[in-house]
Amino acid sequence: MKPNDKTPNNGRREFIQKSALAGAGLAFLSTGGVLAGQNREKPAAPNIKSKGYAAKDASGKLSPWQFERRPLGDNDILIDIKYASICHSDIHQMKGDWGQQKYPQVPGHEIAGIVAAVGKNVTRFNVGDRAGVGCMVDSCMTCESCKHGEEQFCDNGATLFTYGYPDKTSPSGITQGGYSNNIVVRDHFAVHIPDHLSLQEAAPLLCAGITTYSPLMNANFRRGDKVGVAGIGGLGHLAIKLAVSKGADVYAFTTSADKVTDILSFGAKEAIVVNDLSKLKPYKGKLDYLISTIPAQFDVAAYASVVKRNGFFTQVGMPAGFQLTVSNIALANTHVNFNASLIGGIPETQEVVYYCADNKVTPKIEIIKAEEINDAWTKVMNKQARYRFVVDAATF
């Protein structure tokens with residue numbers, strides 16, 4: 001069972017590539033094939049006023065902020081945001097854990113709302129459509145990665161992530177995210193949200209969903225295989241539900257004993273409380289595959305030991321500094337293939353939204369008001385979230 005073995009998912013991958021090629025081809029024709037952000041003629045219309053919650057410094061505290069977004073371009077859509085959920089990545093980036101930031105900065109890359117306006121070249125969306133935006137808002141659209149539905153790996157380095165990235169089209173000079181009442185985005189980077197999925201439950205799928213769905217699908221595990229999930233938070237609880245929906249026997253590893261009942265209700269076969277690494281020993285070499293969502297330093301080799309020799313272990317959690325310290329000799333002794341994964345492309349993001357809607361795989365959420373964001377961030381850092389905080393954008 002190898003993640004790069006494409007045989008079992010040949011049809012699915014062909015669909016993703018064809019969808020990406022079609023979208024990229026249309027975008028190339030409409031943009032003249034130049035890099036993102038360099039081709040927009042400045043519309044005569046005024047900037048779009050927006051309001052939300054922003055970090056003003058690296059303190060990790062957010063406060064209300066009124067700002068402007070670019071006018072609607074020919075290839076853009078304007079989305080009235082209804083819900084935006086909180087990802088641990090928001091906290092890392094706003095606090096400068098991943099490098100120096102420009103402030104004020106509005107975080108948020110799990111966004112769901114209603115299309116309020118469309119540019120003249122837009123055919124994928126109409127006013128009134130339900131739409132979502134995840135971790136990216138633009139890329140070059142012309143390189144091999146972009147044309148094959150892997151915009152997050154843009155070969156020209158033009159991937160524009162949803163907040164905090166330099167953007168010539170933004171009045172503030174950087175992309176501003178979804179903790180706000182609206183967003184202007186290139187239509188290719190929005191996905192459709194079907195009517196049988198609520199907007200509040202759709203929002204977490206735009207990061208937590210795709211970040212776990214993509215490596216799980218690439219793992220090509222079979223029904224009845226033993227799949228481990230380490231770290232049961234916003235990402236981890238969705239990883240459990242997705243793996244269970246695909247027929248896996250799921251073993252969940254958590255440091256929070258009070259999550260055990262929830263974990264079992266998500267469909268896991270076992271919930272293992274790892275308050276000491278010795279708790280991993282009974283599972284040595286037992287699992288076919290393991291995905292870790294742990295966003296901090298941890299003993300990689302100890303967790304890898306629960307995977308069968310020559311099996312695969314995927315890391316998706318992003319710790320401070322993007323660095324994990326790994327004992328090479330300890331990992332070598334497990335003879336496990338260790339790899340990492342970064343979100344997923346736009347076609348695959350659309351796929352996970354449809355899959356979760358059709359199979360009723362939804363996150364466990366708690367809806368909060370904007371004024372509760374700072375308290376929610378503290379709870380996320382203290383492992384108290386159950387399991388995704390979703391902000392009601394009407395309260396911004």
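Everything that follows concerns the structure shown earlier in this document.
Now for a quick tour of the structure. Going along each chain's sequence as written, the residues are numbered from 1 onward. Local features in a predicted model are, by the rule used here, given only for residues with pLDDT of at least 70; side-chain atom pairs are given and counted only at 80 or more, and totals for whole chains, interfaces and linings are based on all residues. Remark: hydrogens and water are excluded; side-chain values derive from all non-hydrogen atoms of the structure.

1. Notes on the overall build of the chain
Counting from the N terminus, the helices are DSSP H or I runs at least four residues long and the strands are E runs at least two residues long. Along the chain, the regular secondary structure elements total 11 helices and 17 strands. Summed over all atoms, the accessible surface of the chain reaches about 16500 Å², with 50% contributed by carbon and sulfur. Where accessible areas are quoted, they stem from the Shrake-Rupley method and a 1.4 Å probe; at the residue level, only the protein chains shown are allowed to cover.

2. Observations regarding the sheet that holds strand β13 (residues 287-292)
Note: two strands are recorded as paired if DSSP finds a minimum of 2 bridges between them. Overall, parallel pairing links the 6 strands, which are arranged β12-β11-β10-β13-β14-β15 in an open sheet. The open sheet has two edge strands, β12 (270-273) and β15 (337-340), and neither has a second partner. Neighbour-to-neighbour, the strand axes of this sheet turn through a mean angle of 20 degrees, independent of strand direction. Alignment of strand β11 (residues 249-254) against β12, held across 4 bridges, turns out to be parallel. Counterpart to alanine 252 in the pairing with β12 is alanine 271. Packing of helix α5 (residues 208-219) onto the sheet brings it into contact with β10 (226-230), β13 and β14 (307-315), and relative to β13 it is tilted by some 160 degrees. The angle between two axes is taken between their N-to-C directions and runs from 0 to 180 degrees, where each axis is a line fitted to C-alpha atoms and a helix contributes only its stretch in contact. The contact criterion used is simple: two residues touch if any of their non-hydrogen atoms lie within 4.5 Å.

3. Notes on the pattern of salt bridges
Only one rule defines a salt bridge in this text: a Lys or Arg side-chain nitrogen within 4 Å of an Asp or Glu carboxyl oxygen. One pass over the full model with this rule turns up 10 salt bridges. A salt bridge links arginine 70 to aspartate 76, with the shortest nitrogen-to-oxygen separation between them at 3.0 Å. You'll find arginine 70 and aspartate 76 in the same group, each marked buried. Between lysine 379 and aspartate 375 there is a salt bridge whose closest N-O contact spans 3.5 Å. Taken together, the positions of lysine 379 and aspartate 375, both in helix α11 (residues 373-381) and 4 residues apart, correspond to about one turn of that helix. A simple rule labels every residue: compare its accessible area, found with a 1.4 Å probe on the protein chains alone, to the largest value its type can have, and call it buried under 20%, exposed over 50%, or partly exposed in between. Residue class for aspartate 375 comes out partly exposed when judged on its relative accessible area of 43%.

4. What to know about the packing of aromatic side chains
Classification of ring pairs rests on two measures: the distance between centres of Phe, Tyr or Trp rings, Trp counted by its six-membered ring, which must be within 6.5 Å, and the angle between planes, read as stacked under 30 degrees, edge-to-face over 60 and tilted in between. All chains considered together, the criterion is met by 12 aromatic pairs. Taking the centre distance of 6.4 Å and the plane angle of 85 degrees together, the rings of phenylalanine 253 and tyrosine 303 count as edge-to-face. One end of the pair, phenylalanine 253, is in strand β11; the other, tyrosine 303, is in helix α8 (residues 300-304), with 50 residues separating them in the sequence. Taken individually, phenylalanine 253 and tyrosine 303 each receive the classification buried, so the pair is uniform in this respect. A ring pair is formed by phenylalanine 266 and tyrosine 387, whose centres lie 5.3 Å apart and whose planes are at 80 degrees; its orientation type is edge-to-face. In this pair, phenylalanine 266 is assigned in the loop between α7 (260-265) and β12 and tyrosine 387 in the loop between α11 and β17 (388-392), connecting sequence segments 121 residues apart. The two residues phenylalanine 266 and tyrosine 387 agree in class, both being buried. Members of the aromatic cluster, each reached through a chain of ring pairs, are Tyr251, Phe253, Tyr283, Phe298 and Tyr303. Against the face of tyrosine 387 rests arginine 386, its NZ or CZ located 5.7 Å from the ring centre. Think of it as a cone above the ring: NZ of Lys or CZ of Arg counts as a charge over the ring if it is within 6 Å of the ring centre and within 35 degrees of the ring normal.

5. Details of empty space enclosed by the protein
Rolled over the atoms, a probe as big as a water molecule pinpoints where empty space is left. With a 1 Å grid spanning the protein atoms alone, the term cavity applies to any set of points in which a 1.4 Å probe fits but cannot get out, the term pocket to an open set with protein on both sides within 12 Å along at least five of seven lines, and the term lining residue to any residue with an atom within 4 Å of a point. Grid points are joined across faces, edges and corners, and a volume is the space filled by probe spheres set on the points. Going through the model one piece at a time under the given rule, you end up with 3 cavities of 30 Å³ or more. Size it by volume and the largest cavity reaches roughly 180 Å³. Lining the largest cavity we find 18 residues, and of these Arg69, Arg70, Asp167, Thr175 and Val184 sit closest to its centre. Per-element accounting of the lining of the largest cavity gives the leading share, 3 residues, to strand β8 (residues 182-186). Asp, Glu, Lys and Arg are counted as charged, while Ala, Val, Leu, Ile, Met, Phe, Trp, Tyr, Cys and Pro are counted as nonpolar; the rest, among them Gly, fall into the polar class. Here the lining of the largest cavity is built from residues that sort into 7 nonpolar, 5 polar and 6 charged. Put simply, the second largest cavity is a space of about 80 Å³. Gly134, Cys135, Leu206, Ile346 and Thr349 are, among the 13 residues lining the second largest cavity, the residues nearest its centre. Within the residue set of the lining of the second largest cavity, elements represented by two or more residues are β5 (130-133) and α10 (346-359). For the lining of the second largest cavity, the class distribution of residues is 9 nonpolar, 4 polar and no charged.

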